[in-house]
Amino acid sequence: MDGTEQRTLLITLTGRDRPGVTSRLFSTLAGFPVTVADVEQVVIRGRLVLGVLIAYEDGADIGQVWTAAERVANDLEMEIELSTGKSKGVPRRRGRLHVTVLGAPLKPAAMAGIAGRIAANGANIDRIERLAHYPVTCIEMDVSGADPEALRAGLAIEAAEQQVDVAVQHGGLHRRAKRLVVMDVDSTLIQGEVIELLAEHAGCLDEVAKVTEAAMRGELDFEGSLRERVALLAGLDASAIDSVRDRVELAAGARTMVRTLKRLDYKFAIVSGGFTQVTDALVADLGIDYSAANTLEIDNGKLTGRVVGPVIDRAGKAAALTEFAREAGIPINQTVAIGDGANDLDMLQAAGLGIAYNAKPVVREAADTAVNVPYLDTILFLLGISREEVEAADAADATSYPA
């Protein structure tokens, strides 16, 4: 619109949700010389709230519209509120963002703090929707008129104070275009660190665990620390790898996440500072499209204490993401990277969206967003996929899946 002032009527229907309510109201309005200026609808626990803003010209008998709308409400046994006004037809403010809030539990104080930060940033909440109510509560808000970096910084402070996770992403096609997800393996896709499970068999767990922790915090060069830890495994019988492979457990929600993404035609990849002797089994089990990892050298049935070929380190992970995207024919800005340690930093920063999952502080600070709940499938919510959509798709397959 050009900013010309128009007369408006806001019609708000509230009551028990049932099929045909929206159709009935608009069919009634179709008989009058009015135009639809805006529509909002939400259903909460079977209660429908439908708001329709119509515009009309001077001279139109809006009283007839008013009476017809009240008749619809009476017939449907719903409550109705009507109010007239004027609008200049100002378009929605630019800078649309998605703000996703994850909490377990999600308390009113957290929502109040987040809404307050959004208002303090000079932004407006245009729409609120629940994406999940378990195992965490996830609320998504469409926000307009905010500076992304300023809002992200303010909400990060609020999230820490309220002990919730908050993600800020650009809205529109940019978000929906994500098509490749690349994930770290140890302590991300799976629980624990494979090299530490091997170290248990070799009797050097404490020493290896200390080096692993320092490397993940970014205090040690990853390649050097990996070679140092692998050297401690020299002489270990290769059968220990089979034992470790059998002990590997997926992170909670991992299978649900991969299954859902594959169902939606995403490409899914893993990149690991761990070992192909374990990741190859994950590829086969989950139907993973691409993978990259290190390979333990084995000679005469024993680990030599060396790896074969170049080490997949921090730079190697970013290079793998780039190569996977090239093979899939997907631009880098349409990729998502997920990791927890310092050796994931380059990959997280190279991707279109970098997610720190239960990560070390240095990683949380550098990533686009952070998730700190122990359910990997909550990452689906950051992509706009609701719990109800996941369950409906599972039901349509008539299959009961493990998480």
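As a reminder, the structure under discussion sits directly above these lines.
These notes cover the structure that comes with them. For clarity, every value in this text was computed on a predicted model and none was experimentally measured. (Residues numbered from 1 in each chain as written. Predicted model: local features only at pLDDT ≥ 70, side-chain atom pairs only at ≥ 80, totals over all residues. Heavy atoms only, no water.)

**Looking at the overall build of the protein chain**
At step 1: Counting its secondary structure elements, the protein chain contains 16 helices and 15 strands.
At step 2: Across the 403 residues that make up the protein chain, the buried fraction comes to 47%.
At step 3: For the protein chain, restricting intrachain contacts to residue pairs at least 6 apart in sequence, the fraction spanning at least 24 positions comes to 67%.
At step 4: Separation of charge centres in the protein chain, based on 41 positive and 58 negative side chains, amounts to 4 Å. (Helix = DSSP H or I, 4+ residues; strand = E, 2+ residues; numbered from the N terminus. Buried < 20%, exposed > 50% of the residue type's maximum accessible area, 1.4 Å probe, protein only. Contact = heavy atoms within 4.5 Å. Lys, Arg positive; Asp, Glu negative; His and termini not counted. Charge placed at Lys NZ, Arg CZ, Asp CG, Glu CD.)

**A short note on the sheet that holds strand E7 (residues 137-144)**
At step 1: Spatial ordering of the open sheet is given by E6-E7-E5-E8, a layout of four strands whose pairing is antiparallel. Unpaired on one side and paired on the other, strand E6 (124-132) and strand E8 (165-170) mark the two borders of the sheet. Here the strands of the sheet are splayed against their neighbours by 20° on average, with no regard to which way each runs.
At step 2: Sheet topology places strand E5 (residues 97-103) next to E8; six bridges connect them, and they run antiparallel. (Pairing = 2+ DSSP bridges. Axes fitted to C-alpha atoms, helices over the stretch in contact; angles between N-to-C directions.)

**Observations regarding the sheet that holds strand E12 (residues 302-308)**
At step 1: Ordered in space as E12-E11-E10-E9-E13-E14-E15, the seven strands form an open sheet in which the pairing is mixed. Among the strands making up the open sheet, the edge pair consists of E12 and strand E15 (369-371). Going from strand to strand, the sheet's axes swing by 25° on average, the running direction of each strand aside.
At step 2: The pairing of strand E9 (residues 180-183) with strand E10 (residues 267-275) spans four bridges and is classified as parallel. What sits directly across from Met-183, in E10, is Ile-270.
At step 3: Relative to strand E11 (residues 290-299), helix H11 (residues 276-286) is tilted by about 140°, and along the sheet it contacts E10 and E11.

**As for the environment of Ala-153**
At step 1: Among the structural elements, Ala-153 can be located in helix H4 (residues 148-162).
At step 2: The exposure class assigned to Ala-153 is partly exposed, which follows from its relative accessible area of 43%.
At step 3: A C-alpha to C-alpha distance of 43 Å links Ala-153 and Met-78, two positions 75 residues apart in sequence.

**Describing the packing of aromatic side chains**
At step 1: One pass over the structure, following the stated rule, counts one aromatic pair.
At step 2: Ring geometry for Tyr-290 versus Phe-324: centroids 5.5 Å apart, planes at 15°, classification stacked. On the criterion of sequence distance, the pair formed by Tyr-290 in strand E11 and Phe-324 in helix H12 (residues 314-328) is long-range, its members being 34 residues apart.
At step 3: By relative accessible area, Phe-324 is classed as buried at 5%.
At step 4: A cation sits over an aromatic face here: Arg-387 above Tyr-134, 5.3 Å from the ring centre. (Phe/Tyr/Trp six-rings, centres within 6.5 Å; stacked < 30°, edge-to-face > 60°. Lys NZ or Arg CZ within 6 Å of the ring centre and 35° of its normal.)

**Observations regarding helix H1 (residues 21-29)**
At step 1: Those residues of H1 that sit buried are Val-21, Leu-25 and Leu-29. Axial view of H1: buried residues confined to an arc of 65°, hence all on one face.
At step 2: The inward-facing, buried residues of H1 contact strand E1 (6-16), strand E3 (47-56) and helix H2 (62-76). (Arc of directions from axis to C-beta.)

**Points about the pattern of salt bridges**
At step 1: Tallied over the entire structure, the rule returns 26 salt bridges.
At step 2: Among the ionic contacts, a cluster of salt bridges with common partners joins Arg-96, Asp-126, Arg-127, Glu-129 and Asp-142. (Salt bridge = Lys/Arg side-chain N within 4 Å of Asp/Glu carboxyl O.)

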